[in-house]
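Working through the structure, step by step
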Amino acid sequence: PKLWIHLAVVACGNRLEETLVMLKSAVLFSHRKMHFHIFTEESLKPEFDKQLQQWPDLYTEKFVHRIYPITFSAGNPQEWRKLFKPCAAQRLFLPVLLYDVDSLLYVDTDVLFLRPVDDIWKLLRQFNSTQLAAMAPEHEIPKIGWYSRFAQHPFYGSAGVNSGVMLMNLTRIRSARFKNSMIPTGLAWDDMLYPLYQKYKNAITWGDQDLLNIIFYFNPERLYVFPCHWNYRPDHCMYGSNCKRAELEGVSVLHGNRGVYHDDKQPTFKALYEAIRDFPFQDNLFQSMYYPLQLKFLETVHTLCGRIPQVFLKQIEKTMKRAYEKHVIMHVGPNQ
């Protein structure tokens, strides 16, 4: 268990299907065993249990899951519940609630893994002695980014960071003292959250993400910034391609924010979501996912994102090849 990957998600309202598709993408492509920490409303708990237990043994052997109630350990729970989106602020309390977990990968429900979760987990080794969390920039071009143009509060760096994919060393977070604008001495994580919210609640737009930006504005040495291909959003291609690492390596983690999996504004994102959602576990990845995806992408060339299919397909093709080769070695033998 010490070697397991710990993956957390918060799902409320109509996010059941999205969450299950995200978890499916994780088990399809990953190697190491994972522990899923699912924070959700009481009404969704039975359905999560039912759906996950229906997956084939070949995949259920790759993970264990635990479901937690929505809990806010500081301040007014009703205020936190209404911040930005229902239950979104729950992620701020993960270091306190998961007190026996050393490190954690948090993702939004609208995230898809296009390569093994193992690969982003390895970034924990790249933290220096002061870093305790990792996120990607909110925008690659600061002068047209949201934070640099509109934010009424402090934010990290020149463009802010996006919290939809967040890697954390929880042990370090729990033991650290954070500089802040409220008192001259540092505050522990759980002591800081509610006073920080009270100070900035009239200035923030994106809820808990804004609070994280404020925290790391005052504590920049504690944040590791990973490249945009680990949190690839429509903004990276809808006005023209601006994520250079994705152009070189392909998209590693897809983040379909703004509901793009469920409308026709970004059909490339929707095609990837539906391909993973509809893939039968027992089928061949190339025949039932990769080749149909290539055909679907031909229908998206009228959009700027659809004109760079190689950016979306490069990592998923590489990942499928690795999975196929591993399958052949296991079932045929390395000497044949």
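Residues numbered from 1 in each chain as written. Predicted model: local features only at pLDDT ≥ 70, side-chain atom pairs only at ≥ 80, totals over all residues. Heavy atoms only, no water.

1. What to know about the pattern of salt bridges
What counts is decided by this rule: Here, a salt bridge means any Lys or Arg side-chain nitrogen found within 4 Å of an Asp or Glu carboxyl oxygen. For every residue, the accessible area (1.4 Å probe, protein chains only) is compared with the maximum for its type, and the residue is labelled buried under 20%, exposed over 50%, or partly exposed between those bounds.
Within the structure shown, the criterion is met by 18 salt bridges. With a closest N to O distance of 2.9 Å, Lys270 and Asp264 form a salt bridge. With relative accessibility at 61%, the residue Asp264 sits in the exposed group. Three or more residues joined by partner-sharing salt bridges are found here, namely Arg115, Asp119, Lys122 and Arg322.

2. Let's talk about the sheet that holds strand β7 (residues 161-169)
To keep it simple, the criterion reads: When DSSP finds at least two bridges between two strands, those strands are taken to pair. Helix and strand definitions follow DSSP, with helices as H or I runs of at least four residues and strands as E runs of at least two, each counted in order from the N terminus. Lines fitted to the C-alpha atoms define the axes, with helices restricted to the stretch that makes contact. Angles between their N-to-C directions range from 0 to 180 degrees.
Taken together, the 7 strands give an open sheet; going across it, the order is β3-β2-β1-β4-β7-β6-β8, and neighbouring strands pair in mixed fashion. Of all the strands in the sheet, the pair left with one neighbour each is β3 (63-69) and β8 (223-225). Averaged over all pairs of adjacent strands, the angle between their axes in this sheet comes to 25°, without regard to strand direction. Where strand β1 (residues 5-11) and strand β2 (residues 34-40) come together, 7 bridges link them in parallel fashion. Note that in β2 the partner of Ala11 across the bridge is Thr40.

3. Observations regarding the state of the cysteines
Operational definition: The disulfide criterion used throughout: a pair of cysteine sulfur atoms within 2.5 Å.
Under the defined criterion, the tally for this structure stands at 3 disulfides. A disulfide bridge connects Cys228 with Cys243, and the sulfur atoms are separated by 2.0 Å. The disulfide joining Cys228 to Cys243 has a torsion of about 100° about its S-S bond and is therefore right-handed. With a gap of 15 residues between them, Cys228 in the loop between β8 and α11 (244-249) and Cys243 in the loop between β8 and α11 connect regions that are remote in the sequence.

4. Considerations on the domain arrangement of the protein chain
Which entries qualify depends on this criterion: Residue ranges assigned to the domains are those given by an automatic or database domain assignment. Residues are treated as being in contact if the distance between any of their heavy atoms lies within 4.5 Å. In this description, buried area is defined as the sum, over both parts, of the accessible area (probe of 1.4 Å) that is lost when the two are combined. Identification of polar contacts relies on pairs of N or O atoms within 3.5 Å, with a donor-acceptor requirement for protein atoms, meaning one able to donate a hydrogen and the other able to accept it, and with residues adjacent in sequence counted only if both atoms are side-chain atoms.
Partitioning the protein chain into structural domains gives domain 1 (5-226) and domain 2 (232-332). The centre of domain 1, based on its C-alpha atoms, is set 24 Å off from the matching centre of domain 2. At the junction of the two partners, domain 1 supplies 28 residues and domain 2 supplies 30 residues. Three residues, Leu112, Leu114 and Arg115, lead the burial of domain 1 against domain 2; their summed loss comes to 26% of the area buried on that side. At the surface where domain 1 touches domain 2, the tally comes to 15 residue pairs in polar contact (both at pLDDT 80 or more). Only α1 (16-29), β5 (111-113) and β7 provide two or more residues apiece to the side of domain 1 that touches domain 2. Considering each element in turn, the side of domain 1 that touches domain 2 owes the most residues, 8 residues, to α1.

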